[in-house]
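# Understanding the architecture of this molecule
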Amino acid sequence: MRGEPLDAETIVSATEEVLRRHGPEKTTVLDVARLLGVSHGSVYRHFPSKAALREAVIRRWLDRVREDLVAAVQDAELTPPDRLRGLLTSMFAVKWAKAREDPELFATFRVLAAEHSTESRSHLAFLLDQIRAVVADGVAGGDFEPCDPEATARAVYNASTRFLDPRHAPEWQSPEIEAEAASVISLILDGMRAR
């Protein structure tokens, strides 16, 4: 039996570990409870279902990604084109690092993200909002051609999916991936530049 109090963060951390070991198909709430030395009822007191527990894992994973990206957008010292370059570069690098440094959890994330589209949609909305804010600043400051910032943000994201979408993760192992991403970012920025 567990001696210390059980909280949601501890359960989510244990769930990540079990997911890493067994994958999303074989992981059960009972496996998480065993790792923690508690009954499965103790886990259910914090998370009403296996789906809720999985959503919490995805939410925490995406929250970490968000924290890494916010700094790239908020650097007021940089021009909007440099902020957009920094944001896109950070978006790519964070995903690539997660896939490279923790491939088991990243593979699990891919499965869970597809199952829990609410969290995935929320994350996509966050990414689009970050891009939109930089585009709007660039239009207002005359760095970018006048445009609809929301539609442009969507187009920038769509042009970048090869470097963001987990389905392309095997391609991220290529030694040319950074140069290819930099070329796409330059093309995007050149197309948006005020003339």
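Residues numbered from 1 in each chain as written. Predicted model: local features only at pLDDT ≥ 70, side-chain atom pairs only at ≥ 80, totals over all residues. Heavy atoms only, no water.

The name an unreviewed UniProt entry assigns to the protein chain is TetR family transcriptional regulator, from the organism Microbispora amethystogenes.

### So, the UniProt feature "domain: HTH tetR-type" (unreviewed entry) in the protein chain
Here the UniProt-annotated "domain: HTH tetR-type" (unreviewed entry) positions come out as residues 5–65. Along residues 5–65 the backbone is 82% helical and 0% strand, and the end-to-end C-alpha distance reaches 28 Å. (UniProt positions renumbered as here; feature names shortened; annotations may be inferred. Helix = DSSP H or I, 4+ residues; strand = E, 2+ residues; numbered from the N terminus.)

### Some points on the pattern of salt bridges
Counted under the stated rule, the structure contains 13 salt bridges. Put simply, R66 and D63 hold a salt bridge, and the shortest N to O gap is 2.7 Å. Taken together, the positions of R66 and D63, both in helix α4 (residues 50–74) and three residues apart, correspond to about one turn of that helix. Residue R66 is classed as buried on the basis of its relative accessible area, which comes to 14%. Its salt-bridge partner being R132, residue D129 comes within 2.8 Å of it at the nearest N-O pair. In this pair, D129 and R132 both sit in helix α7 (residues 117–140), three residues apart, roughly one turn of the helix. Overlapping salt bridges bring together E9, E16, R60 and R64 as one network. (Salt bridge = Lys/Arg side-chain N within 4 Å of Asp/Glu carboxyl O. Buried < 20%, exposed > 50% of the residue type's maximum accessible area, 1.4 Å probe, protein only.)

### Here's the deal with the packing of aromatic side chains
Taken as a whole and assessed by the stated rule, the structure comprises five aromatic pairs. On the basis of an interplanar angle of 65° and a centroid distance of 6.5 Å, the ring pair of W96 and F163 is categorised as edge-to-face. In this pair, W96 is assigned in helix α5 (residues 80–101) and F163 in helix α8 (residues 149–164), connecting sequence segments 67 residues apart. Classification of F163 by relative accessible area gives buried; the value is 2%. By the ring-pair criterion, three or more aromatic residues cluster together here, those being W61, F106 and W172. Positioned over the ring face of F126 is R66, at 5.5 Å from the centre of the ring. Note that K98 overlies the ring of W61, its terminal NZ or CZ placed 5.4 Å from the centroid. (Phe/Tyr/Trp six-rings, centres within 6.5 Å; stacked < 30°, edge-to-face > 60°. Lys NZ or Arg CZ within 6 Å of the ring centre and 35° of its normal.)

### Looking at the domain arrangement of the protein chain
On domain assignment, one finds that the protein chain holds domain 1 (1–47) and domain 2 (57–192). Inter-centroid distance (C-alpha atoms) of domain 1 to domain 2 is 31 Å. Between domain 1 and domain 2, the contact holds 10 residues from the first and nine residues from the second. Note on domain 1 versus domain 2: buried area summed over both sides is about 870 Å², and carbon and sulfur give 58% of it. Looking at the side of domain 1 facing domain 2, the largest losses of area belong to E16, R20 and P24, adding up to 59% of the total buried there. Counting the contacts that link domain 1 with domain 2 gives four salt bridges. (Domains from an automatic or database assignment. Contact = heavy atoms within 4.5 Å. Buried area = accessible area lost by both parts, 1.4 Å probe.)

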